[in-house]
Amino acid sequence: MVIDMADSFVLEAQQYLNKTYGHNSEWVPLAENGVTGGLMMEGLVRAFQIDHDLEYVTGYLGPATINTMRSLKDIKKMDPSDEPSKDVKLIQCALFCKGYHAGGITGIYYTNGVNAVKQYQEDAGLTVTGVIDWKVWQGLLSMGWFQLVPGGDPTLREIQRSINTDWSSVIGVQPCEGVMSRNTALSLVGCLQGALGLQEWIPDLASVVFGPATQSAFSRHSLYEGCAEPALVKIAKYALYFYGFDQREFSGTFTSGMRLNVVNFQNDYGLTGLDGVVSGQIHLTTMMSMLTSRGNPNRPCTGGDTSQILSRLMCDNLKAAGYNVIGRYLTGTVGVGAAERPKYLTPEEIKNIQDAGLSVFPIYQDGGYYADYFKISGRGSYDAVTALRTAAVLGFPEETVIYFAVDFDCMSYQTESLIIPYFRQIANAFRQTAFNTKNYKIGIYGPREVCRLVSAEGLAEYSFVADMSTGFSGNLGFPIPSNWAFDQFDEFTFEPSPAFPLDKVAVSGRDGGARKNDADGAVTTAAMLQAARSKFTRRVLSALGFTENTGIDLEFEVGEQVLPPVAGGGLIIRPTVKEMVTVPFGDDSFGVISIDTLNGEIQAGLSETISEIQGVSTEASVNYDVSGILL
């Protein structure tokens, strides 16, 4: 974190750096605005890399740069008559940027500078010596902040300082500003590896994983009330606080209060009763859930999800292996080119699943892998109506939860600006009985924090958590949402022949899925043909640029009467009388788009546009040539 506020001392540092390094071809000029920002911190690192002849001058504080810092001689308090040091000038600039008063950019490490370094060391939880060692270099040239920031959590800052006190020699100096970050969460795994004697120095926390070596080493330890494992107990206490439990005592003693928190953690995260899990004690599976979002990938589960269309034999094999509920997709395909295949549910597959004694929960994902998907005007309205109609046609029973996917590393600002508005559109469509005749409910699939924020807005009944995506910023270090129904934590190949890819899913019991679909929901040939026609109409709308407009409403068909067809221009035109319902995009909507009856005539330019978007249906179950049908 950096502080975005103009400061005369920071301005002095910017001017000094530009003047000193401006002649170097690898220098990137700094804006002289007195603001400590990311580019300013990169400039400090770049100056260090130039001064110490690093092979790559990047401005990135990576392992090579930190290892160079570790090799430097310590700098102690100097005499005013000493020769000025370029390294000291750089430290003085860095102190200014971190909010410490270093006196001036003199190159003489004297009283003001020593006091500033001591204050930094105190703030960072380091031994206060006033000596410039590698921990001073790394912390001051990092993007981290070491004072409590507005809105920061004092207890979290206490933990961050304690981590530096105990483990900075292994994992480096970490920020202490009271804000949860991916690095803070990852630091616990680094601390654990240090405590287990697996690592003496970790130059890059991004490389840290709770892998087989760590699992094997920790499996030889047990944490329980009264145990003698102070370093491991402290790490577990930090994790309990990270995940929302009232653990505010951080000694190395496993207390009765900690035992109660462990019991609650195991209950809340669906661990109670699993093999290897002892209530109130911390063994491998519990510790992995505390320190990683996915937990122990080898733990048993009763749920799964897959893009594979399931045969009866596959369903019987899943049931025999202990699975009870399976997530499947309402629409769409997976793969590209020749490898593309359908992933959507069919009535036959639903029968296979339910006749085998499994239940099924529906997922809607025809995109959602990237932020721009959610920027499309009306995306939520369109997805909601498509999902509602497909679920109804497939016969999903009353109040079934449909999970809409947010399947990318979504930052908090993107959740606020894109994802919450998307789910507001979905909620708007779900409230309209013309579409939602069976009172279906909204669910969300996504990272923990995205699920929590959307649910906190009242826009999702349950969460399907993408915990398998450990790299997502909204997972590690964030509590699992309290409304989680499903928790995806591992992917593998389900081996009984025929083998297929399967994701392991923990099940909380909040959503049991559908065990029997309505008989009157069977897909008819007419319904499949109508779906293909609707898809074609939407492509025409898109090709004509209508769906790119903002502030408009889309009309969706509720019912129709098809009139006698009219041939012309190489196409078959089917005029219709339609009942339409409007889904507004927002309160500022100012118009409505609809496709009017063409009365047997092709509008100018439309035939050319249509010829470019032929090939309507990719669904294998639609055995009709609809390439020339336009409603």
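All values reported here derive from a predicted model rather than from experimental measurement.

Structural notes on the overall build of the protein chain
Link 1 in the chain: Looking only at helices and strands, one finds 19 helices and 16 strands in the protein chain.
Link 2 in the chain: Across the 631 residues in the protein chain, those meeting the buried criterion constitute 54%.
Link 3 in the chain: Taking as baseline every contact in the protein chain between residues at least 6 positions apart, the subset at least 24 positions apart corresponds to 63%.
Link 4 in the chain: Carbon together with sulfur atoms contributes 50% to the accessible area of the protein chain, which is approximately 26,900 Å² in total.

A closer look at the sheet that holds strand β2 (residues 325–329)
Link 1 in the chain: Read around the barrel, eight strands follow the order β1-β2-β5-β6-β7-β8-β9-β10 and close on themselves; strand pairing throughout is mixed. Shown here is a sheet whose adjacent strand axes are inclined to one another by a mean of 30 degrees, direction ignored.
Link 2 in the chain: The sheet contact formed by strand β1 (residues 303–305) and β2 spans three bridges and is parallel. Residue pairing across strands places D305 opposite G327, the latter belonging to β2.
Link 3 in the chain: Of the strands in this sheet, β5 (359–364) and β6 (401–405) touch helix α15 (residues 379–393), which is tilted by about 140 degrees from β6.

Section: the packing of helix α11 (residues 256–268) against helix α12 (residues 284–291)
Two packed helices can be described by the angle between their axes and the distance between those axes.
Link 1 in the chain: Contact geometry for α11 and α12: axes closest at 11 Å, N-to-C directions at 80 degrees. The orientation of α11 relative to α12 falls into the category roughly perpendicular. Residues V262, F265 and Q266 of α11 touch α12, and the partners they reach there are T286, S289 and M290.
Link 2 in the chain: Of the residues assigned to the contact of α11 with α12, the class counts are three nonpolar, three polar and no charged.

Thoughts on the pattern of salt bridges
Close approach of charged atoms allows side chains with opposite charge to pair.
Link 1 in the chain: Applying the stated criterion to the full structure yields 18 salt bridges.
Link 2 in the chain: Between D166 and K234 there is a salt bridge whose closest N-O contact spans 2.7 Å. Pair noted here: D166 is in helix α7 (residues 154–171) and K234 is in helix α10 (residues 230–242), with a separation of 68 residues, a long-range link.

Brief notes about helix α3 (residues 63–71)
Link 1 in the chain: For α3, every residue scored as buried is listed here: T65, I66, T68 and M69. Down the axis, α3 shows its buried residues gathered within 155 degrees of arc, on one side only. Along α3, the residues that are exposed and aim more than 90 degrees away from the buried face are A64 and S71.
Link 2 in the chain: For α3, the elements touching its buried residues are α2 (38–51) and α6 (134–141).

Quick look at unusual backbone geometry
Link 1 in the chain: The linkage connecting S497 with the following residue, P498, adopts the cis geometry, with an omega of 0 degrees.
Link 2 in the chain: As for its placement among the helices and strands, P498 is situated in the loop between β9 (484–494) and β10 (500–507).
Link 3 in the chain: Phi at D53 is positive, roughly 55 degrees, even though this residue is not glycine.
Link 4 in the chain: Within the fold, D53 resides in the loop between α2 and α3.
Link 5 in the chain: Judged by its relative accessible area of 68%, D53 is exposed.

The rules we used
- Going along each chain's sequence as written, the residues are numbered from 1 onward.
- Residue-level local features of this predicted model are given only where pLDDT is at least 70; pairs of side-chain atoms are given and counted only at 80 or more, and the full residue set underlies all totals for whole chains, interfaces and linings.
- Computation of side-chain values covers all heavy atoms of the structure but excludes hydrogens and water.
- Numbering goes from the N terminus for both helices and strands, where a helix is a DSSP run of H or I of at least four residues and a strand is a run of E of at least two.
- A simple rule labels every residue: compare its accessible area, found with a 1.4 Å probe on the protein chains alone, to the largest value its type can have, and call it buried under 20%, exposed over 50%, or partly exposed in between.
- It only takes one pair of heavy atoms within 4.5 Å for two residues to be counted as in contact.
- All accessible-area figures derive from a Shrake-Rupley calculation using a 1.4 Å probe, and residue coverage is judged against the displayed protein chains alone.
- Only strands that DSSP links by at least two bridges are regarded as paired with each other.
- Every axis in this analysis is a line fitted to C-alpha atoms, fitted for helices over the stretch in contact. Angles between the N-to-C directions lie between 0 and 180 degrees.
- By the definition adopted for this analysis, an angle is roughly parallel if under 35 degrees, roughly antiparallel if over 145, roughly perpendicular if from 65 to 115, and oblique otherwise.
- Under this grouping Gly is polar, as are all residues other than the nonpolar Ala, Val, Leu, Ile, Met, Phe, Trp, Tyr, Cys and Pro and the charged Asp, Glu, Lys and Arg.
- Any carboxyl oxygen of Asp or Glu within 4 Å of a side-chain nitrogen of Lys or Arg constitutes a salt bridge here.
- To obtain the arc, one takes the directions from the helix axis to the C-beta atoms.

Shape is all these values report; function is a separate question.
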